[in-house]
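Secondary and tertiary structure notes
The lines below spell out each chain.
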Amino acid sequence: MAVDSNLSSPLGPPACEKDAKALCFIEEMTRNADAVQENLLAEILRRNADTEYLRRFNLCGATDRDTFKSKLPIITYEDLQPEIQRIADGDRSPILSAHPISEFLTSSGTSAGERKLMPTIREELDRRQLLYSLLMPVMNLYVPGLDKGKGLYFLFVKSETKTPGGLPARPVLTSYYKSDHFRSRPYDPYNVYTSPNEAILCPDSFQSMYTQMLCGLLDRLSVLRVGAVFASGLLRAIRFLQLHWSRFANDIQLGYLDPEITNRSIRQCLSGILKPDPNLAEFIRHACESENWEGIVTRIWPNTKYLDVIVTGAMAQYIPTLEFYSGGLPMACTMYASSECYFGLNLNPMSKPSEVSYTIMPNMAYFEFIPLGGSKAVELVDVKIGKEYELVVTTYAGLCRYRVGDILRVTGFHNSAPQFHFVRRKNVLLSIDSDKTDESELQKAVENASRLLLKECGTRVAEYTSYADTSTIPGHYVLYWELLVMDGARQPSQETLSRCCLEMEESLNSVYRQCRVADSSVGPLEIRVVRNGTFEELMDYAISRGASINQYKVPRCVNFTPIVELLDSRVVSVQFSPSLPHWMPEMRRR
Ligand code: AMP
């Protein structure tokens, strides 16, 4: 299709007129980031002026940023819990938002062991939809021909609960997939999925996954991209295929859907799609019965151009495993979002995972940034390249100056909108004494030890979590590892695993090593290898307690007793660090 030259974009030549409009919108928003932010805050404050929350701070009609910032405190979820509870209990008065709270979105971040309830209003769906509509126009700049095939995406809903006052409480993606925005989306050749809506919307996760995988297999030559929301979800799908490939092959051989799939709408939908195809059945058996699953994604779906999956933040640890299964396909991290608010998108989605930056879209919410170690929040356009900040949002739904809990580093700007590298979630710590280990430090240490393991015996760390074990004196770090042994003849030895313990200690920060070496206040690090499938059980456990499959992230640190007990009951071997890591006194200054 010829694209009107007036609509061409500095981001690159758009694939079609619709894309051109989307790219223009990105340009417009990012060029005018400061004005967009100023107007957006004024609009929120005008609209919500009579809410109980804003009246409390005597803004007296002011809608400017300075007054807002001088009168309202920066808050956390805990500060807002009484108001949220009242709304959940059925108080319909305008407490946080002038527009009625339409539902609660359940965040995977917890507050004292409970999932957080994020209030939202109906129009937020439009805002989320708007951000989604920008993703393919950007992707089309980098990967041509995506209108010539389909996406195999593993997307799930979770059955929802109701608050005592009758409002739905469900994960943001469940809310989105169940909305008309998703279900009645107009046909877009660039955004065709192999999974039928019936499968995505089936609340039984086994039947949903089974059907989505089966449809992906049936349509395998059309698949141009394979994805899930987070990397862990995609790996779960690959594991599902590993467990059930012979059932898929049988269904395809006979043209008859497995009787365990009882959902009526799925059966009805598949009856038009599933026909006997002995050749495809034979192909699947041949591809899957091999011991070697390296590159399985490209063997089954040979036209796949990239994986569409988030591998930033806590998901970075899955990169090597995904590379193994996909034969090194590029991984695109397209967007950065949360239950509180969708934040922005990656304008260079084919960049290496370690270089991914998200451009915050100034029309999504009012954003402020607290410099790490500082207290005064700065505006979106005033952040400095190279500096780290904690993200604070003010949303249309009534969150005001709310700490999201994410730490971001500025990597650059697109026009006047900053681009951020996701550094970590705040306060994910292991601590025994004065040592403090955050998520990215732990990740680095696991990566280093994992490299050693790979070199010595061709084994990868497929999953990990940690635990500060204070039942010993001194306490020590425990790492639970699930391994991906790629060569059965080279099982990792006890000796190699204990060197992995030491390698991790060497990689941890100097305060940790000082505690180990000089103060003896931290004991030798321990690795407990758990049997295969344990982390899946962990996820099933979390899901049984109400977590969402789409949003589930393996906790990098566990301290909830039933989870620790579950992990301990699956341990197959235990190793400790055999000696002290290096530490030099002059490093004390850190
Ligand atoms: P939830 O509210 O459960 O959807 O979780 C939202 C959180 O997931 C965010 O605040 C981030 O900590 C994390 N997250 C979301 N998108 C990304 C991303 N693209 N990269 C890294 N972490 C992300």
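Residues numbered from 1 in each chain as written. Predicted model: local features only at pLDDT ≥ 70, side-chain atom pairs only at ≥ 80, totals over all residues. Heavy atoms only, no water.

In the annotation of an unreviewed UniProt entry, the entry for the chain reads Indole-3-acetic acid-amido synthetase GH3.1, and the organism field reads Eutrema salsugineum. Here the chain is described in UniProt, under the heading Sequence similarities (unreviewed entry), as follows: "Belongs to the IAA-amido conjugating enzyme family." (UniProt positions renumbered as here; feature names shortened; annotations may be inferred.)

Now for the packing of aromatic side chains. Enumeration according to the criterion identifies 22 aromatic pairs in this entry. Here the aromatic rings of Tyr210 and Phe248 are separated by 4.4 Å at their centres, their planes lie at 35°, and the arrangement is tilted. Of this pair, Tyr210 sits in helix α10 (residues 205–218) while Phe248 sits in helix α11 (residues 231–254), and the two are 38 residues apart along the sequence. With a relative accessible area of 0%, Phe248 lands in the buried category. With centroids separated by 4.8 Å and ring planes inclined at 50°, the aromatic side chains of Tyr477 and Tyr512 adopt a geometry described as tilted. Note that Tyr477 is positioned in strand β18 (residues 476–485) and Tyr512 in helix α18 (residues 510–517), a separation of 35 residues in sequence. Chaining the aromatic ring pairs together yields one cluster made of Tyr132, Tyr153, Tyr176, Tyr177, Phe182, Tyr193 and Tyr342. Its end group placed over the ring of Phe182, Arg185 keeps NZ or CZ at 4.1 Å from the ring centre. Cation over ring: Arg220 sits above Phe283, and NZ or CZ is 3.6 Å from the ring centre. (Phe/Tyr/Trp six-rings, centres within 6.5 Å; stacked < 30°, edge-to-face > 60°. Helix = DSSP H or I, 4+ residues; strand = E, 2+ residues; numbered from the N terminus. Buried < 20%, exposed > 50% of the residue type's maximum accessible area, 1.4 Å probe, protein only. Lys NZ or Arg CZ within 6 Å of the ring centre and 35° of its normal.)

Here eight strands make up an open sheet; going across it, the order is β9-β10-β11-β16-β15-β14-β12-β13 and the pairing antiparallel. Single-partner strands in this sheet number two, and they are β9 (335–337) and β13 (378–379). Sheet topology note: the strand β14 (residues 388–394)/strand β15 (residues 402–414) ladder contains five bridges and is antiparallel. Paired with Val393 across the two strands is Tyr402, which belongs to β15. (Pairing = 2+ DSSP bridges.)

In the numbering adopted here, UniProt assigns the feature "domain: GH3 C-terminal" (unreviewed entry) to residues 441–560. In this annotation, residues 441–560 is assigned 42% helix and 22% strand; the end-to-end C-alpha distance for the span is 22 Å.

Before going further, it helps to examine empty space enclosed by the protein. Inspection of the entire model under this criterion finds three cavities of 30 Å³ or more. Estimates place the volume of the largest cavity at around 50 Å³. Leu152, Phe154, Met213, Val226, Leu234, Ala237, Ile238, Leu241, Ile296, Val297 and Trp301 together form the lining of the largest cavity. Listing elements by their share of the lining of the largest cavity, those giving two or more residues are β3 (150–154), α11 and α14 (296–300). The biggest single contributor to the lining of the largest cavity is α11, with four residues. Quantified by volume, the second largest cavity comes out at close to 40 Å³. As for the second largest cavity, its lining consists of Phe154, Phe156, Ala228, Val229, Phe230, Gly233, Ile549 and Asn550. With three residues, the top contributor of residues to the lining of the second largest cavity is strand β6 (residues 223–230). (1 Å grid on protein atoms, 1.4 Å probe; cavity = no way out; pocket = protein on both sides within 12 Å on 5 of 7 lines; lining within 4 Å. Points joined across faces, edges and corners; volume = space filled by probe spheres on them.)

What follows deals with the UniProt feature "domain: GH3 middle" (unreviewed entry) in the chain. The residues that UniProt annotates with the feature "domain: GH3 middle" (unreviewed entry) are residues 358–425. Across residues 358–425 one finds 0% helix and 59% strand; the C-alpha atoms that close the span lie 15 Å apart.

The next thing to look at is the pattern of salt bridges. Using the criterion set out here, one finds 38 salt bridges in the structure. Notably, a salt bridge pairs Lys69 with Glu379, separated by 2.7 Å at the nearest N-O pair. With Lys69 in helix α4 (residues 65–71) and Glu379 in strand β13, the pair connects residues that are 310 residues apart, well separated along the chain. When the shortest N-O distance is used, the salt bridge between Glu123 and Arg127 registers 2.8 Å. Shared partners join several salt bridges into a network, and the residues in it are Glu43, Arg47, Glu123, Glu124 and Arg127. (Salt bridge = Lys/Arg side-chain N within 4 Å of Asp/Glu carboxyl O.)

Looking now at the nonpolar core. Leu241, Phe367, Phe369 and Leu391 are the most contacted members of the largest nonpolar core, which totals 162 residues. Here the element with the most residues in this core is α11; it accounts for eleven residues. Contact partners of Leu391, with chain neighbours within four places excluded, come to Tyr336, Phe343, Ile360, Phe367, Glu368, Phe369, Tyr402, Arg403, Val404, Gly405, Asp406 and Leu408. By size, the runner-up hydrophobic cluster in this structure holds 26 residues, among which are Cys457, Trp481, Leu483 and Cys515. (Core = buried A, V, L, I, M, F, W, Y, C linked by side-chain atoms within 4.5 Å. Contact = heavy atoms within 4.5 Å.)

Counting buried positions along strand β12 (residues 366–371) yields five of six residues, so the element is predominantly enclosed. Alignment of β12 against β14, held across six bridges, turns out to be antiparallel. Considered in β14, the bridge of Phe367 is made with Val393. For β12 and β13, the ladder comprises two bridges, and the chain directions are antiparallel.

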